[in-house]
Amino acid sequence: MFACFAVVLAILLLVYRRLSRRGGAPQPSFIPEKIPFVSHALGIARHGAVYYKSISDRTRLPIFGLRLLTQTIYVVTDANLISKIQRHPTISFDPFVLLAAERLCGASPAMLQTMRNEMKDGKKTRSSLMNESHILTHSAFRSQTNLSEMVGKILDIVSGELEHTSAGDLFQWVRHTVCLASTDAVYGPQNPFRVDTGLEDAFWNYDADLSLLLLNFLPSLTARKGHFAKKALRQAFTNYFRNGGSEKASGFVRACNEANRKRGISEEDQAGFEVVHCIGLLVNTPPTLFWMIYHIFSDPDLLEKLRIELIACLQPDNIEDSTAKILDIEKVVSDSPLFQSTFKEVLRAHASSLSTRIVLEDTSIGSDILLKKNAVVHMPSACLHSDPAYFGPGTESFDASRFLPGNLLKEGMAAKSQAAFRPFGGGSTLCPGRHFATMQILSITALVVLGFDVVPERGEWVCPRVLESTMTTTVLPPKEDVRVRFERRRDPRVGSLRFKV
Ligand SMILES: *[C@@H]1O[C@H](CO)[C@@H](O)[C@H](O)[C@H]1NC(C)=O
Ligand SMILES: *[C@@H]1O[C@H](CO)[C@@H](O)[C@H](O)[C@H]1NC(C)=O
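Note that this is a predicted model, so its numbers are computed, not measured.

Q: Could you give me a rundown of the overall build of the protein, with the residues and numbers involved?
A: A count of helices and strands for the protein gives 25 helices and 15 strands. Compactness check: the protein gives a C-alpha radius of gyration of 25 Å against a globular reference of 23 Å for 501 residues, within 12% of the reference. With the C-alpha coordinates aligned to their principal axes, the bounding extent of the protein is approximately 95 × 55 × 40 Å. Out of the 501 residues in the protein, the part that is buried amounts to 38%.

Right, here's the structure in full:
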């Protein structure tokens, strides 16, 4: 009797599996909601990518789906699957470029129509503006001459600022200093952020409302500050281009300007694109620099080791002054293993990049995953970065030596962790400014580490909570003030410091 029942059950199961296979590969598992229509939306609004990570920690699924009203989102947490998705021809980022042009740049209807016409099957074509800008941006930020010129300017400005910095909230200081220094370096003497000192606040208002602006539901009501800030930024950059500001700007801006003018793009539309370039330029560097300073100065042992390593990168300044030393930025970027490991660990621990794609048509990945047309794919770095399978034990804590040559190698994980290390995204959306950002962050940190003691005003360092809700910032900024004093050091090993880029 019992055996008979078992046989019937086995047959039923077989039939069931056949039937359920008939529609092709199954979709990824969907995560049910405690409160239908509400839980996921609220989770994402409040915790951003951290919400995905909490589901991933709980379920350990390599890919899972979420339903938000009519929108399907797939979240991918496995490095292997991510690399397949990034290479897949029917999964693309390009439709978001169009969306950003409309909602974040405020592109004119004519501009949008041109961009749409230049797309085929939902993707950019070879000679399109989208492809041309993509290639131009990558090549501008690969050119060593372009990079050295910009980083040199940034260091001039930051060291000038440091001369009269004494005390304040660390993140505010970093953000303001980086904003002025990098926009000066990129936009030249007519930098709109210098012409109108209120523009910086406008930019941070715009940044705070980016998700709502992308959502585009009555933005003048739901994203009021961001909506008006966008207009102010566009106007400021329109004036900049009208007044020939780009002529004395960096190689990148000059090259963009030339390409845009050849295509007959109006100054207003150029200005709109520039507003979005500012997101790339300004949003992630300050929080990364904040966490660098926080982690280094809150660990006296690490601080001293880094000072020794950086002092070894100094060269005597024979020409001008025997007590002066030269900090060679190239040496700092290439010959300081612990410093670089610290930087990578900051990115591992704090980066929360989302890497977004859209599925252009029903797409099978391998034999067992079917992604449905129009779904959004998110590949959050935080899920990978916290996985001990890629980065070894203790991923929940900060370990400045994790990326030292030999440490991950020793565990035989170098290749695995490289594939899973995605602070700058990957594939077609790999950040073009990653070398620029790296040079900028390492060299500013080196200036501070060698020249100053950063002392918390409450007497001890307290790790601030982070702003999780932002879906558009990759390195999550602190949510609470960390007030510090900058105290100049007199270190005979350092002397007076000059730098060379
Ligand atoms: C973009 O342009 C480059 C160089 O012209 C070309 O190699 C590449 O295939 C183009 N990309 C697309 C998507 O057409
Ligand atoms: C800077 O980048 C632009 C754009 O790619 C390029 O045209 C220019 O030649 C570069 N400048 C230098 C000095 O390499």
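Q: Report on the site of ligand 2, specifying residues and quantitative values.
A: Around ligand 2 sit Leu136, Ser139, Ala140, Ser143, Thr145, Asn146, Gly251, Phe252 and Ala255, and those are all the residues in its vicinity. At the level of secondary structure, the elements contributing two or more residues to the shell around ligand 2 comprise helix 7 (129-140), helix 8 (144-163) and helix 15 (251-262).

Q: Tell me about the packing of helix 5 (residues 94-105) against helix 16 (residues 267-282), and name the residues and values.
A: Put simply, helix 5 and helix 16 touch, their axes get as near as 9 Å, and they point 100° apart. Of the possible angle classes, the one that applies to helix 5 and helix 16 is roughly perpendicular. Residues Ala100, Leu104 and Cys105 of helix 5 form the contact with helix 16, whose participating residues are Gly272, Phe273, Val275 and Val276. In the contact of helix 5 with helix 16, the residues fall into six nonpolar, one polar and no charged.

Q: So, the site of ligand 1: which residues are in play, and what are the values?
A: Looking at ligand 1, the residues that line it are Lys124, Thr125, Arg126, Asn131 and Ile135. For the shell around ligand 1, the per-class residue count stands at one nonpolar, two polar and two charged.

Q: Give a description of the sheet that holds strand 8 (residues 324-328) that names residues and reports values.
A: Judged by pairing direction, the sheet is mixed, and its three strands sit side by side in the order 7-8-15 without closing on themselves. Strand pairing shows two members of the sheet lacking a second neighbour, strand 7 (314-316) and strand 15 (496-500), which therefore form its edges. Sheet twist, expressed as the mean angle between neighbouring strand axes with direction ignored, is 35°. As defined by bridge partners, strand 7 adjoins strand 8 across three bridges and the pair is classed as antiparallel. What sits directly across from Gln315, in strand 8, is Ile326.

Q: Got a sec to walk through the nonpolar core? Specific residues and values, please.
A: In this structure, Leu233, Ile293 and Val332 are the most contacted members of the largest nonpolar core, which totals 93 residues. In terms of residue count, the dominant contributor to this core is helix 25 (residues 434-451) (11 residues). Excluding anything up to four places from it in sequence, Leu233 contacts Leu199, Ala202, Phe203, Tyr206 and Val275.

Q: I'd like to hear about the UniProt feature "binding site: heme" (unreviewed entry) in the protein, residue by residue, with values.
A: This chain's UniProt record puts "binding site: heme" (unreviewed entry) on Cys431. Within the element layout of this structure, Cys431 appears in the loop between helix 24 (414-420) and helix 25. What Cys431 contacts, discounting residues up to four positions off in sequence, is Phe424 and Gly425.

What counts and how
- Residues numbered from 1 in each chain as written.
- Chains lettered and ligands numbered in written order.
- Predicted model: local features only at pLDDT ≥ 70, side-chain atom pairs only at ≥ 80, totals over all residues.
- Helix = DSSP H or I, 4+ residues; strand = E, 2+ residues; numbered from the N terminus.
- Rg over C-alpha atoms; globule rule 2.2 N^0.38 Å.
- Buried ≥ 20, exposed ≤ 12 C-beta atoms within 10 Å, placed from the backbone.
- Near = placed C-beta within 6 Å.
- Axes fitted to C-alpha atoms, helices over the stretch in contact; angles between N-to-C directions.
- Parallel < 35°, antiparallel > 145°, perpendicular 65-115°, else oblique.
- Contact = placed C-beta atoms within 7 Å.
- Nonpolar A, V, L, I, M, F, W, Y, C, P; charged D, E, K, R; others polar.
- Pairing = 2+ DSSP bridges.
- Core = buried A, V, L, I, M, F, W, Y, C linked by C-beta atoms within 7 Å.
- UniProt positions renumbered as here; feature names shortened; annotations may be inferred.

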